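Summary of the model geometry
Single-letter residue listing:
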Amino acid sequence: MNETLKTIYDRRSIGKLTLPMPATDELSVMLQTAFTAPDHKQLKPWQVVVLTDDALDEFGRVLLSAAKQVADEQGQSLDDTACTKFVNMPKRAPMIIMVATNTKPHDKVPPFEQLLSTGACIHNLRLAVQSLGDRSIWRSGDLANHALVKAYFGVADKDDICGFIYVGSSDVVMPEREAVALEDFVKFKR
């Protein structure tokens, strides 16, 4: 197995991440790599916001406001434990990279194709994170596309937040990945 295949094969989601996080130059390489995703007509149908430091606290407050709004709409309320949970969600990593679609009208590139390109961008990003020695997890959740969350990130109503990529370090050793029984998922026609 060559080095590229090993990076792909070894990539795993790690839920609790710590410092250090990628340095500015490493982050630039990761993002440039992400932006090599398949992109029909070079539309660059994605948008990215990187959060660190105080922005993580601010995002936690936005999540809490969104959660309270949802609870109010359902005639419920959040207890202190739930409030603390929402505020602390972004602190599970020292860096979060929000990736959303930035869909553009085009006769030959329908919105679903631009959405797939955004997903490929995220996957490239995660492989770049892995290859540079950091770890990540791709999160979304019920509040990802809540109006308050989209407004915080400047994401238009027509677009979707596709993921929050939590990035940092971890010394967790993951078990060996089991091989997939290809015959369960692949058919050959000749």
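Residues numbered from 1 in each chain as written. Predicted model: local features only at pLDDT ≥ 70, side-chain atom pairs only at ≥ 80, totals over all residues. Heavy atoms only, no water.

Structural notes on the layout of surface pockets
The space that makes up the largest pocket amounts to roughly 340 Å³. Lining the largest pocket we find 19 residues, and of these Phe86, Met89, Gly141, Asp142 and Leu143 sit closest to its centre. Secondary structure elements with two or more residues in the lining of the largest pocket: α3 (54-73) and β4 (161-168). Tallying contributions element by element places α3 first for the lining of the largest pocket, with 5 residues. (1 Å grid on protein atoms, 1.4 Å probe; cavity = no way out; pocket = protein on both sides within 12 Å on 5 of 7 lines; lining within 4 Å. Points joined across faces, edges and corners; volume = space filled by probe spheres on them. Helix = DSSP H or I, 4+ residues; strand = E, 2+ residues; numbered from the N terminus.)

Here we look at helix α5 (residues 111-131)
Given a rise of 1.5 Å per residue, 21 residues ought to cover 30 Å, and the 30 Å separating the end C-alpha atoms of α5 matches this to within 8%. Looking one or two places after α5, you find Gly133, whose phi comes out positive at around 95 degrees. (Expected span 1.5 Å × (residues − 1).)

Concerning the side chain of Asp134
Here Asp134 lies in the loop between α5 and β3 (135-139). Notably, Asp134 is buried but unbridged: the nearest opposite-charge side chain belongs to Arg135, and the N-O separation is 7.1 Å. Contact partners of Asp134, with chain neighbours within four places excluded, come to Pro20, Met21, Pro22, Glu26, Met30, Val129, Gly168 and Ser169. (Buried < 20%, exposed > 50% of the residue type's maximum accessible area, 1.4 Å probe, protein only. Lys, Arg positive; Asp, Glu negative; His and termini not counted. Salt bridge = Lys/Arg side-chain N within 4 Å of Asp/Glu carboxyl O. Contact = heavy atoms within 4.5 Å.)

Describing the packing of α3 against helix α4 (residues 80-88)
Direction vectors running N to C along α3 and α4 enclose 135 degrees, while the axes themselves pass 7 Å from each other. Between α3 and α4, the interaxial angle falls into the category oblique. Note that α3 runs across α4; the crossing there is right-handed. Across the interface between the two elements, Gly60, Leu63, Leu64, Ala67 and Lys68 from α3 touch Cys83, Phe86 and Val87 from α4. In terms of residue class, the contact of α3 with α4 is made up of 6 nonpolar, 1 polar and 1 charged. (Axes fitted to C-alpha atoms, helices over the stretch in contact; angles between N-to-C directions. Parallel < 35°, antiparallel > 145°, perpendicular 65-115°, else oblique. Left-handed = near helix turned anticlockwise from the far one by under 90°. Nonpolar A, V, L, I, M, F, W, Y, C, P; charged D, E, K, R; others polar.)

Re a nonpolar patch on the surface
On the surface, Val180, Leu182, Phe185, Val186 and Phe188 cluster together into a nonpolar patch covering about 590 Å² of accessible area. For Val186, a relative accessible area of 36% gives the class partly exposed. (Patch = residues over 30% accessible without salt bridge, like charges linked within 9 Å, V, L, I, M, F, W, Y side chains within 5 Å. Areas by Shrake-Rupley, 256 points an atom, 1.4 Å probe, with all protein chains shown as cover.)

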